[in-house]
Amino acid sequence: MTCHRFAIWPGFLLAAATLTTAGQKPPSSGTDAESAERLERMKRQAAEYVVKLQTDPPTELKLIDQPLLRFDNPVGGVRDGIIAMWKDGNRPAVVAQVFQIRDGQWIHECQSLARSALSMERDGDTVWEPQQAAEAFRPLSDAPQPADTPVKRLVQMRSIAQQFSASDDFKIRASDKETTRHQLRLLPTPAYRYQDPAAGVIDGAVFAF
């Protein structure tokens, strides 16, 4: 099946600050050796999870070997972090932030993009089990016809992504009574790009703010 329209996942957002991608300089907290060790530690933490769709039979999702992004956030107190992703075939299915805050505590935050309910296990224990599928793709009625080359489609997808905005409300200090709103910046390069012919997707991209 060939896809002839653009669609977007509603409600999906990768939000961080001072983001880096593969090949770029990582967050500068500590020495290069310490930074490299933290990266491997974060990757190991993500790999400890076994994620399965609750299909018949269950479908185990594959963790992408390298993080989509690496980031820190001096305003929010994040010392170092990564965005990890599990995929269903080539389709994005689960995204997780694995990060360390100022006091050394490690935090994992996950979001489902999956086509069904799922379970996430670590050391044999179920730690997360959303009972519903994520929202389905929604067609963009005013989007152009997809172009005939990957380069041209990337230009189109960037243009579509630029039509959206995102903000993040959080407390800068634990003692703050009110949150502060921060407008997020769209990264021009997709964090992930894929094809999924079985689902009719000739080209897809995940953008991050």
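For the structure given in this document, a descriptive report is provided here. (Residues numbered from 1 in each chain as written. Predicted model: local features only at pLDDT ≥ 70, side-chain atom pairs only at ≥ 80, totals over all residues. Heavy atoms only, no water.)

**Re the overall build of the protein chain**
Right, on to step 1. The secondary structure content of the protein chain amounts to two helices and 16 strands.
Right, on to step 2. Across the 209 residues in the protein chain, those meeting the buried criterion constitute 40%.
Right, on to step 3. Of all intrachain contacts in the protein chain linking residues separated by at least 6 positions in sequence, the fraction that spans at least 24 positions is 54%.
Right, on to step 4. Element-wise, carbon and sulfur atoms account for 49% of the exposed surface of the protein chain, whose accessible area totals about 12,100 Å². (Helix = DSSP H or I, 4+ residues; strand = E, 2+ residues; numbered from the N terminus. Buried < 20%, exposed > 50% of the residue type's maximum accessible area, 1.4 Å probe, protein only. Contact = heavy atoms within 4.5 Å. Areas by Shrake-Rupley, 256 points an atom, 1.4 Å probe, with all protein chains shown as cover.)

**Quick look at the sheet that holds strand 10 (residues 118–122)**
Right, on to step 1. Here we have four strands laid out as an open sheet, ordered 4-3-10-11, and antiparallel in their pairing. In this open sheet, the two edge strands, each paired with only one partner strand, are strand 4 (59–60) and strand 11 (125–128).
Right, on to step 2. For strand 3 (residues 49–53) and strand 10, the ladder comprises five bridges, and the chain directions are antiparallel. Following the sheet pairing, Val51 is matched in strand 10 by Met120. (Pairing = 2+ DSSP bridges.)

**Considering the packing of aromatic side chains**
Right, on to step 1. Within the structure shown, the criterion is met by three aromatic pairs.
Right, on to step 2. Taking 6.4 Å as the distance between ring centres and 80° as the angle between the ring planes, the aromatic pair formed by Tyr49 and Trp86 counts as edge-to-face. Here Tyr49 is found in strand 3, whereas its partner Trp86 is found in strand 7 (residues 78–88), with 37 residues between them in sequence. For the pair Tyr49 and Trp86, a shared accessibility class is recorded, and that class is buried. (Phe/Tyr/Trp six-rings, centres within 6.5 Å; stacked < 30°, edge-to-face > 60°.)

**Brief notes about helix 1 (residues 32–47)**
Right, on to step 1. If you check helix 1, its first and last C-alpha atoms are 23 Å apart, about what 16 residues at 1.5 Å a residue would give, namely 22 Å.
Right, on to step 2. Every buried residue belonging to helix 1 is among Ser35, Arg38, Met42, Lys43, Gln45 and Ala46, and all of these are buried. Projected down its long axis, helix 1 shows its buried positions confined to an angular sector of 160°, all on one face.
Right, on to step 3. Summarising the contacts, the buried residues of helix 1 are in contact with strand 3, strand 5 (62–63), strand 6 (69–73), strand 7, strand 8 (91–101) and strand 9 (106–112). (Expected span 1.5 Å × (residues − 1). Arc of directions from axis to C-beta.)

**What about unusual backbone geometry?**
Right, on to step 1. For the peptide bond that leads from Asp56 to Pro57, omega is 0°, which places it in the cis range.
Right, on to step 2. One non-glycine residue, Asp123, lies in positive phi territory at about 55°.
Right, on to step 3. Secondary-structure assignment places Asp123 in the loop between strand 10 and strand 11.

**Structural notes on the nonpolar core**
Right, on to step 1. Of all hydrophobic cores here, the largest spans 18 residues; its most connected members are Leu68, Leu69, Ile83, Met85 and Tyr192.
Right, on to step 2. Contributions of two or more residues to this core are made by strand 6, strand 7, strand 8, strand 15 (192–196) and strand 16 (201–206).
Right, on to step 3. Residues Ala96, Trp106, Ala114 and Met120 belong to the second largest nonpolar core, which totals 17 residues. (Core = buried A, V, L, I, M, F, W, Y, C linked by side-chain atoms within 4.5 Å.)

**Thoughts on the side chain of Ser116**
Right, on to step 1. Relative to the elements of secondary structure, Ser116 occurs in the loop between strand 9 and strand 10.
Right, on to step 2. Using a relative accessible area of 12% as the deciding quantity, one classes Ser116 as buried.
Right, on to step 3. If sequence neighbours within four positions are ignored, Ser116 has contacts with Leu53, Gln54, Thr55, Gln132 and Ala133.

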